[in-house]
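Here are the chains, one letter per residue:
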Amino acid sequence: REEETEDGDIVLKATTEAINLYAGMLEVDVEDAQIAEEAILRAQIQRGALQQAEATARQARLRSIEYAETIRQSLRLAKRDISQVRASQFLAILERARTHLDGRLQEERRTVEAVRHRISQGGGEARAWVALRELLDECESRHTRLLEEVLKADSSWLAEQERQRFKRRRNSHLPGPDREVLQPMLVARQGDLAPHVDEVLRLLHGPVPPPVLSLQSLIRDLMQPRRSTEAAPDRAPVVLELISEAQPRFPAAAQAAVQGHLAACRAGGTLSGRLAASRAAGEGAEVRRLLVLVMLQAWDTGLPVQVRRAGPLDDPEYAGDDLAIVPASVPASREGDG
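Cut-offs used in this document
Residues numbered from 1 in each chain as written. Predicted model: local features only at pLDDT ≥ 70, side-chain atom pairs only at ≥ 80, totals over all residues. Heavy atoms only, no water. Helix = DSSP H or I, 4+ residues; strand = E, 2+ residues; numbered from the N terminus. Buried < 20%, exposed > 50% of the residue type's maximum accessible area, 1.4 Å probe, protein only. Contact = heavy atoms within 4.5 Å. Areas by Shrake-Rupley, 256 points an atom, 1.4 Å probe, with all protein chains shown as cover. Phe/Tyr/Trp six-rings, centres within 6.5 Å; stacked < 30°, edge-to-face > 60°. Lys NZ or Arg CZ within 6 Å of the ring centre and 35° of its normal. Patch = residues over 30% accessible without salt bridge, like charges linked within 9 Å, V, L, I, M, F, W, Y side chains within 5 Å. Salt bridge = Lys/Arg side-chain N within 4 Å of Asp/Glu carboxyl O. Expected span 1.5 Å × (residues − 1). Arc of directions from axis to C-beta. Pairing = 2+ DSSP bridges. Polar contact = N/O pair within 3.5 Å; in protein donor to acceptor, adjacent residues only side chain to side chain.

What follows deals with the overall build of the chain. Across its full length, the chain carries eleven helices and four strands. Expressed as a percentage of its 338 residues, the buried residues of the chain come to 25%. For the chain, long-range pairs separated by at least 24 residues make up 63% of all intrachain contacts whose partners lie at least 6 apart in sequence. Of the roughly 24900 Å² of accessible surface on the chain, a fraction of 54% belongs to carbon and sulfur atoms.

Pasting the structure below:
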């Protein structure tokens with residue numbers, strides 16, 4: 001707040017609310033904060049400051065939730081991956097939590113007894129004292145449940161040791177996102193990490209769901225004013241050409257060249273040999289493509305010639321099985337279809 005000094009200057013002085021706000025921004029241990037709030041609450045109850053006591057009790061309720069989440073987070077971490085938890089540190093956390101919760105429960109019982117004494121005295125504020133007791137009962141119940149979980153944590157710790165240490169390992173190792181991916185990236189140098197960032201993000205990025213239809217957006221679009229439609233400009237009419245017969249996919253020269261290659265195959269040649277001969281003769285790619293298609297058709301139907309496998313195909317343009325035309329005196333075999 002602003003205050004005027006004796007010489008007429010204006011100075012700023014921190015109010016009680018500002019001091020509390022600043023103190024709340026500091027890093028305060030949750031256990032120490034609970035002990036301090038309980039002492040403040042006990043003093044407020046003794047002097048009958050009901051409104052202040054209710055505000056402190058609500059703050060203590062939030063503090064109990066914060067402390068419970070802190071302890072449960074350690075328990076969940078041990079259950080998920082025990083290798084990330086030090087045994088001595090985890091057991092020390094459990095021992096400290098047992099001592100702290102036992103002290104909180106004793107203090108909360110004494111505070112509840114003091115509130116009940118205020119309620120028994122009657123008066124116009126009895127209903128408000130009952131509401132304060134309900135807040136304290138909630139904190140006591142939450143701490144009781146948390147203490148039960150902490151007491152069971154010793155046996156669950158041993159069970160997790162047995163389950164995770166002696167479980168059957170997979171044949172394929174999957175990296176741990178935190179220990180084996182994130183932590184090495186955080187300590188790596190920028191120059192070493194930059195070439196791999198895009199690939200790592202591509203592999204680890206979660207699936208992106210398709211956009212969901214929004215009924216609100218649909219109604220808004222439908223309720224918009226009608227758009228003005230302008231007459232489309234006149235276009236030149238499309239002239240259709242009448243074609244008496246379909247044009248062949250491959251020209252006649254390519255078909256004649258393929259017939260020559262098939263005749264050579266009947267004399268003992270193979271598909272790979274004819275492809276090489278076509279390439280050496282300077283023929284176009286359409287000749288070799290038509291030759292491959294004819295040989296595959298013959299392999300599938302046996303028409304117009306019968307074809308058999310002749311080992312792997314060694315060619316720069318095509319891959320698969322090499323084919324050869326079966327002479328008329330030799331029956332074709334369909335085994336080993338590749």
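What follows covers the side chain of His143. Mapping His143 onto the fold places it in helix H5 (residues 126–165). Its relative accessible area of 1% is what places His143 among the buried residues. If near-sequence neighbours (up to four positions away) are discounted, His143 is found in contact with Gln34, Ser64, Leu101, Arg104, Leu105 and Glu108.

All told, the structure shown has zero aromatic pairs when counted by the stated rule. In this structure, Arg249 packs its charged tip against the face of Phe250, placed 4.8 Å from the ring centre.

Nonpolar side chains collect at one region of the surface, where Leu213, Leu215, Leu218, Ile219, Leu222 and Met223 lie side by side and expose about 690 Å² of accessible area between them. Tracing the chain through its elements places Leu213 in the loop between helix H7 (190–204) and helix H8 (215–222). Overall, Leu213 belongs to the exposed group, its relative accessible area being 69%.

This next bit is on the pattern of salt bridges. Applying the stated rule across the entire model yields 20 salt bridges. Of the charged contacts in the structure, one is a salt bridge between Arg109 and Glu140, with a shortest N-O distance of 3.6 Å. One end of the pair, Arg109, is in helix H4 (residues 87–120); the other, Glu140, is in helix H5, and 31 residues separate them in sequence. Arg109 gets classed as partly exposed once you look at its relative accessible area, which sits at 43%. Linking Glu317 and Arg279 is a salt bridge whose minimum nitrogen-to-oxygen distance equals 2.8 Å. Within this pair, whereas Glu317 is found in the loop between strand S3 (307–312) and strand S4 (321–325), its partner Arg279 is found in helix H10 (residues 271–280), the two being separated by 38 residues in sequence. Overall, the relative accessible area of 30% leaves Arg279 in the partly exposed class. Salt bridges sharing partners connect three or more residues here, namely Arg279, Arg288, Asp315 and Glu317.

So, about helix H2 (residues 30–46). Relative to the 24 Å expected for 17 residues at 1.5 Å per residue, H2 spans 24 Å between its end C-alpha atoms, a close match to the ideal helical length. Of all the positions in H2, only Val30, Glu31, Ala33, Gln34, Glu37, Glu38, Leu41, Gln44 and Ile45 are classed as buried. For H2, the angular spread of buried residues about the axis comes to 150°, placing them on one side. Trailing H2 by a residue or two, Gly48 shows a phi angle of about 80°, which is positive.

Further remarks concern the pairing of S4. Among the five residues in S4, four count as buried, and that is most of the element. Sheet topology places S3 next to S4; four bridges connect them, and they run antiparallel. Looking across to S4, one finds that Arg308 is bridged to Ala324.

Looking at the secondary structure, you find Asp322 in strand S4. Within the structure, Asp322 has its side chain in polar contact with the backbone nitrogen of Leu271 (distance 3.4 Å). Here the side chain of Asp322 touches Ser272 through a polar contact of 2.6 Å, side chain to side chain. Dropping the residues within four chain positions of it, Asp322 is found in contact with Thr270, Leu271, Ser272, Arg308, Arg309, Ala310, Gly311, Pro312 and Leu313.

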